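Listed below, chain by chain, are the residues.
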Amino acid sequence: MDRRSFIAACGAGCGLASLHMPAHGDVVRNFPRSVLTAPDGRPFRTSVLEPGRNYVFHWPFPATPCFLLDIGEKVGARKNLRTASGHAYDWPGGVGPRQSVVAYSAICSHRLTHPTRDISFIAYRDKATSHSPHDRVIHCCSEHSQFDATAGARVLSGPAPQPLATIVLDYSAERDELSAIGTLGADVFDRFFSSFGFRLALEHGGKRATKPVGTTVIVQALDHYCRQQVRC
Ligand code: FES
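Predicted, not measured: the structure shown is a model, and the values here were computed from it.

Each value, and the rule that gives it
Residues numbered from 1 in each chain as written. Predicted model: local features only at pLDDT ≥ 70, side-chain atom pairs only at ≥ 80, totals over all residues. Core = buried A, V, L, I, M, F, W, Y, C linked by C-beta atoms within 7 Å. Buried ≥ 20, exposed ≤ 12 C-beta atoms within 10 Å, placed from the backbone. Contact = placed C-beta atoms within 7 Å. Pairing = 2+ DSSP bridges. Helix = DSSP H or I, 4+ residues; strand = E, 2+ residues; numbered from the N terminus. Axes fitted to C-alpha atoms, helices over the stretch in contact; angles between N-to-C directions. pLDDT = per-residue confidence, 0-100.

## Brief notes about the nonpolar core
Within soluble globular proteins, side chains that are nonpolar tend to cluster in buried spots.
Turning to step 1, where the next piece is worked out: Ranked by internal contacts, the top residues of the largest apolar core, which has 55 residues, are Cys66, Phe67, Ala103, Tyr104, Ile138 and Ala149.
Turning to step 2, where the next piece is worked out: In this structure Cys66 touches Val56, Phe57, Trp59, Ala103, Tyr104, Ser105, Ala106 and Ile167, once residues within four positions along its chain are discounted.

Structural data, given as structure tokens:
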């Protein structure tokens, strides 16, 4: 799918008709569609998502983690989010049977903290804590950036310069399935690969880490994927 057809498809099916397109196009990126599947290869049904729980999948590249979250109630669209370079875009809100499901890149837009199999310093929290008055945020424990999961992952606090990139999802009500089809906002994939390329090449086998994911991608609970989650 080329850029024009991605925009057209999203305008029709993803509520992105009001997207602000910058001249150099770093706000929308289209990637080959991948259907989210369960670890056993069966279709992943959206209705099995537990509200408030962290789920991860790796997309659009095998090395780039994303959060899949059910906020628990309808999440409406937001206007005028901004990238660090000043480009504005509108965020389409949640998808799924209750329009409560969202997905974001799990790579912090500050210094690229991200979940690995060994440990995660970044995760979604649906409730406020003694350290934070905010609920329903993605919290990065590295320098305590917080991103509003109900509003396009806009920055609520901390040094992060811009929202987490949104993973644009297409929901099939007929099959209760989700597909990842593009990113919205400024992703940090280039910086991620240049910072961690050596490790990622070892983990994924040479250049495979930078090749787009195939037609399916596994989604699993963060506590199944990752051995230790840091709470802060
Ligand atoms: S890396 Fe996330 S706040 Fe610094």
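## Remarks on the sheet that holds strand β8 (residues 122-125)
Turning to step 1, where the next piece is worked out: If you trace the 4 strands from one edge of the open sheet to the other, you get β8-β9-β10-β11, paired in antiparallel fashion. Edge strands, defined here as strands with exactly one partner in the open sheet, are β8 and β11 (154-157). Neighbour to neighbour, the strand axes of the sheet diverge by 30° on average, direction disregarded.
Turning to step 2, where the next piece is worked out: The sheet contact formed by β8 and strand β9 (residues 137-140) spans 4 bridges and is antiparallel. Within β9, the position partnered with Ile122 by the bridge is Cys140.

## Concerning the environment of Pro161
Turning to step 1, where the next piece is worked out: By the element assignment, Pro161 lies in the loop between β11 and β12 (166-172).
Turning to step 2, where the next piece is worked out: The spacing of Pro161 and Ser85 is 76 residues in sequence and 9.2 Å in space, taken between C-alpha atoms.
Turning to step 3, where the next piece is worked out: Contact partners of Pro161, with chain neighbours within four places excluded, come to Ala84, Ser109 and His110.

## Regarding the confidence of the model for the chain
Turning to step 1, where the next piece is worked out: When pLDDT is averaged along the chain, the result is 89, and 89% of the positions lie at 70 or above.
Turning to step 2, where the next piece is worked out: Low pLDDT (under 50) marks residues 1-24, which in the prediction has 33 contacts with non-local residues, meaning those over four places away or in another chain.

## With respect to the environment of Pro92
Turning to step 1, where the next piece is worked out: Looking at where Pro92 falls in the secondary structure, it is placed in the loop between β5 (88-91) and β6 (101-105).
Turning to step 2, where the next piece is worked out: You can call Pro92 buried: it has 25 C-beta atoms within 10 Å.
Turning to step 3, where the next piece is worked out: Residues Pro92 and Val75 lie 17 residues apart in sequence; the distance between their C-alpha atoms is 9.1 Å.

## Some words on the pairing of β6
Turning to step 1, where the next piece is worked out: Of all the 5 residues making up β6, 5 are buried; the element is thus mostly covered by neighbouring parts of the structure.
Turning to step 2, where the next piece is worked out: Relative to β6, strand β3 (residues 65-70) runs antiparallel, the two sharing 5 bridges. When the sheet's bridge partners are listed, Cys66 is paired in β6 with Ser105.

## Things to note about the environment of His134
Turning to step 1, where the next piece is worked out: Position of His134 among the secondary structure elements: in the loop between β8 and β9.
Turning to step 2, where the next piece is worked out: Spatially, the C-alpha atom of His134 lies 8.5 Å from that of Leu156, the residues being 22 residues apart in sequence.
Turning to step 3, where the next piece is worked out: Sequence-distant contacts of His134, defined by excluding residues within four places in its chain, comprise Ala128, Gln146 and Leu156.

## Some details on the pairing of strand β2 (residues 55-58)
Turning to step 1, where the next piece is worked out: Burial along β2 is two-sided: Tyr55 and Phe57 and Val56 and His58, pointing in opposite directions, are all buried.
Turning to step 2, where the next piece is worked out: Pairing geometry for β2 and β3, over 4 bridges, is antiparallel. Bridge pairing in β3 places His58 opposite Pro65.
Turning to step 3, where the next piece is worked out: Between β2 and β3, which follow one another and run antiparallel, lie 6 residues.
Turning to step 4, where the next piece is worked out: As judged from the 3 bridges shared by β2 and strand β14 (residues 216-221), these two strands associate in the antiparallel manner. The partner of Tyr55 across the bridge, within β14, is Ala221.

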